[in-house]
Amino acid sequence: MDSKHQHVKLNDGHFMPVLGFGTYAPVEVPKDKALEATKLAIEVGFRHVDCAYAYNNEEHVGLAIRSKIADGTVKREDIFYTSKLWCNSHRPELVRPALERSLKNLQLDYVDLYLIHSPVSLKEDIGIIMWKKSPKHNS
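Residues numbered from 1 in each chain as written. Predicted model: local features only at pLDDT ≥ 70, side-chain atom pairs only at ≥ 80, totals over all residues. Heavy atoms only, no water.

### Description of the pairing of strand β5 (residues 80-85)
Here is step 1 of the chain: With six of its six residues buried, β5 lies for the most part within the structure.
Here is step 2 of the chain: With burial as the criterion, each face of β5 is covered, one bearing Phe80, Thr82 and Lys84 and the other bearing Tyr81, Ser83 and Leu85.
Here is step 3 of the chain: With three bridges joining them, strand β4 (residues 48-50) and β5 adopt parallel strand pairing. Within β5, the position partnered with His48 by the bridge is Phe80.
Here is step 4 of the chain: With respect to chirality, the unit in which β4 leads through helix α2 (residues 58-70) into the neighbouring parallel β5 is right-handed.
Here is step 5 of the chain: Pairing of β5 with strand β6 (residues 113-116) involves four bridges; the strand directions are parallel. For Leu85, the partnering residue across the bridge sits in β6 and is Ile116.
Here is step 6 of the chain: Where the polypeptide runs from β5 across helix α3 (residues 92-106) and back to β6, its parallel neighbour, the crossover connection is right-handed. (Buried < 20%, exposed > 50% of the residue type's maximum accessible area, 1.4 Å probe, protein only. Helix = DSSP H or I, 4+ residues; strand = E, 2+ residues; numbered from the N terminus. Pairing = 2+ DSSP bridges. Right-handed = clockwise from strand over helix to strand, strands pointing away.)

### Here we look at the layout of surface pockets
Here is step 1 of the chain: Size it by volume and the largest pocket reaches roughly 280 Å³.
Here is step 2 of the chain: What lines the largest pocket is a set of 15 residues, among which His14, Phe15, Glu77, Phe80 and Asp112 lie closest to the centre. (1 Å grid on protein atoms, 1.4 Å probe; cavity = no way out; pocket = protein on both sides within 12 Å on 5 of 7 lines; lining within 4 Å. Points joined across faces, edges and corners; volume = space filled by probe spheres on them.)

### Examining α2
Here is step 1 of the chain: In this model α2 runs 18 Å from its N-terminal to its C-terminal C-alpha over 13 residues, within 8% of the 18 Å that 1.5 Å per residue would give.
Here is step 2 of the chain: For α2, every residue scored as buried is listed here: Glu58, Val61, Gly62, Ala64, Ile65 and Lys68. One side of α2 carries all its buried residues, which in axial view fall inside an arc of 155°.
Here is step 3 of the chain: Contacts from the buried residues of α2 go to α1 (32-43), β4, β5 and α3.
Here is step 4 of the chain: With its phi angle positive at about 85°, Gly72 sits one or two positions after the end of α2. (Expected span 1.5 Å × (residues − 1). Arc of directions from axis to C-beta. Contact = heavy atoms within 4.5 Å.)

### Brief notes about the sheet that holds β5
Here is step 1 of the chain: The parallel open sheet is built from four strands, whose spatial order is β3-β4-β5-β6. If you trace the sheet from one side to the other, it starts and ends with β3 (21-22) and β6, each paired once.
Here is step 2 of the chain: The pairing of β3 with β4 spans two bridges and is classified as parallel. Across the sheet, Gly22 pairs through a bridge with Asp50, a residue of β4.
Here is step 3 of the chain: The strands touched by α3 are β5 and β6; relative to β5, the strand with the most contacts, the crossing angle is about 135°. (Axes fitted to C-alpha atoms, helices over the stretch in contact; angles between N-to-C directions.)

The following block contains the structure:
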């Protein structure tokens with residue numbers, strides 16, 4: 001992958017790789033597969049990694065990124081990391097704690113892009129369990 005020419009310039013002057021590696025997997029897939037797959041993605045040239053709290057694999061994705069930094073494959077600034085705010089944390093006072101929870105799971109100091117996962121809000125007590133049980137996400 002020729003990373004020099006496959007970026008888009010954002011309005012703040014930063015560049016985002018146009019091709020990203022998504023880390024979502026159905027609940028049946030063991031979470032340690034995210035570790036293995038993310039490491040391999042970085043090795044073959046992916047520099048944009050997309051994950052989310054709702055995927056329940058942030059720890060593994062973060063470990064993969066940190067291990068590729070530790071072995072010298074990449075520097076943190078080489079990776080464009082996207083995360084997402086889950087639907088039960090849209091209220092302004094819940095956004096920062098949700099981001100901090102993801103950063104703690106990842107053991108990273110920052111994310112490059114933080115998106116709203118879905119424009120539909122859920123009550124805090126519904127959380128992620130309802131989403132994981134939905135037939136759409138369990139098939």
